[in-house]
Amino acid sequence: MTTDASFGASQPSSMGVFGRGATDAAPSVLALLFGAGEQGVLYDPSNISTLFQDSAGTTPVTAAGQPVGRMLDLSGNGNHALQANASARPIYQTDGTLHWLAFNGISHSISTPTINFSATNELSILTALQPLSTGGVDMVLEMSPTADTNTGAIALLAPANSIPIRIYSKGNSGSGVNLLGGMYAAPNTHQVTSLSKISPPILTLRADGGANVISSTSTQGSGNYGNWPLYIGSRNNSSLFFQGNIYGLVVRNALTSGALLTGAETAMAAKAGLTV
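Novice: Please explain the pairing of strand β16 (residues 212-216) as it appears in this structure.
Specialist: Successive residues of a regular strand alternate their side chains across the two faces of the sheet. Where strand β15 (residues 202-207) meets β16, five bridges bridge the pair, whose relative direction is antiparallel. Residue T204 lies in a different strand from β16, and its bridge partner there is S215. The antiparallel hairpin formed by β15 and β16 contains four residues in its connecting segment, where D208 sits at a positive phi of about 55 degrees.

Novice: Is there a simple way to explain the environment of N212 in this structure?
Specialist: Tracing the sequence through the fold places N212 in strand β16. Excluding its chain neighbours within four sequence positions, the residues that come into contact with N212 are L179, Y184, L205, R206 and A207.

Novice: How should unusual backbone geometry be read in this particular structure?
Specialist: The phi torsion of most residues other than glycine is negative, and most of the peptide bonds are trans. Going from A158 to P159, the amide bond is cis rather than trans, its omega being 0 degrees. Looking at the element boundaries, P159 is found in strand β11 (residues 153-160). With an omega dihedral of 5 degrees, the bond running from A186 to P187 counts as a cis peptide bond. Tracing the chain through its elements places P187 in the loop between β13 (174-179) and β14 (190-197). You will see that S144, though not glycine, has its phi angle at about 90 degrees, which is positive. Structurally, the position occupied by S144 is in the loop between β10 (137-143) and β11. Since its relative accessible area comes to 0%, S144 is described here as buried. With phi around 50 degrees, L240 is a residue other than glycine that occupies positive phi space.

Novice: Sorry if this is basic, but what is going on with the pattern of salt bridges here?
Specialist: Oppositely charged side chains can form a pair if their charged atoms are brought close together. Evaluation of the coordinates by the stated rule reveals six salt bridges. Among the salt bridges present, the one from E38 reaches R252, with a minimum N-O distance of 3.0 Å. Of this pair, E38 sits in the loop between α2 (26-31) and β1 (40-43) while R252 sits in strand β19 (residues 243-252), and the two are 214 residues apart along the sequence. By relative accessible area, which is 6% here, R252 ends up buried. In this structure, E122 and K197 form a salt bridge, with 3.6 Å as the shortest nitrogen-oxygen distance. Remark: K197 occurs in strand β14 and E122 occurs in strand β9 (residues 122-131); sequence separation between them is 75 residues. Several salt bridges share partner residues, and in doing so they unite E142, D148 and R235 into one network.

Cut-offs applied
- Residues numbered from 1 in each chain as written.
- Predicted model: local features only at pLDDT ≥ 70, side-chain atom pairs only at ≥ 80, totals over all residues.
- Heavy atoms only, no water.
- Pairing = 2+ DSSP bridges.
- Helix = DSSP H or I, 4+ residues; strand = E, 2+ residues; numbered from the N terminus.
- Contact = heavy atoms within 4.5 Å.
- Buried < 20%, exposed > 50% of the residue type's maximum accessible area, 1.4 Å probe, protein only.
- Salt bridge = Lys/Arg side-chain N within 4 Å of Asp/Glu carboxyl O.

Structure below.
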């Protein structure tokens, strides 16, 4: 957990797809997000067969409390998340029903190699998470090492100083929207969706299947999203560490709407034991 004013309130089916032994029906709904070959990632800790203790993927995760050094991407794009530093790996946890990655807010993070999102200026992010920090700035997900200075980037934060949940999107200029109110603060668990388009600008933050929707058409400048790594649980694996739990994560290079959005939000919420 770190304080950083730059994100403060002043800123406006088969084994081949799901991995070894997958039996959960929800990932098949989320996999539909990539049915037309969309670029992106799909991570599902409830599919323990996709988790490995080392970044090379030689030692499977088999029990709660083990580190995650490699998490397989289920989108079909092969954008696997890695952490080579053994002391910085998030921890797989389960209560026997739910499954999540636990981040300690001090050193834990995991990231992808560079992913080319430059074909489009649209992006959907879906996750289910439980923030555990009550102050400072915690980075849930960031595209590029620093989204507030790099072009074609996005960042999801929980919290961002006094803001419980914030999304910030940037073409060659940036804009953000916030989920405010104590119900979104730690330690409450929520399903969160971000829908963004750089130009003409769209930036929408949805909670719990659309129970709360905040939108902005403030400028994000121009251009497409970039050719950047995704950092999960930190900024650039080095700061703004997220303290909390992540139950699933999707990043998709298209806007999502209608029945596809409803089904994906419902499936993602279920990962955290939520009904939306």
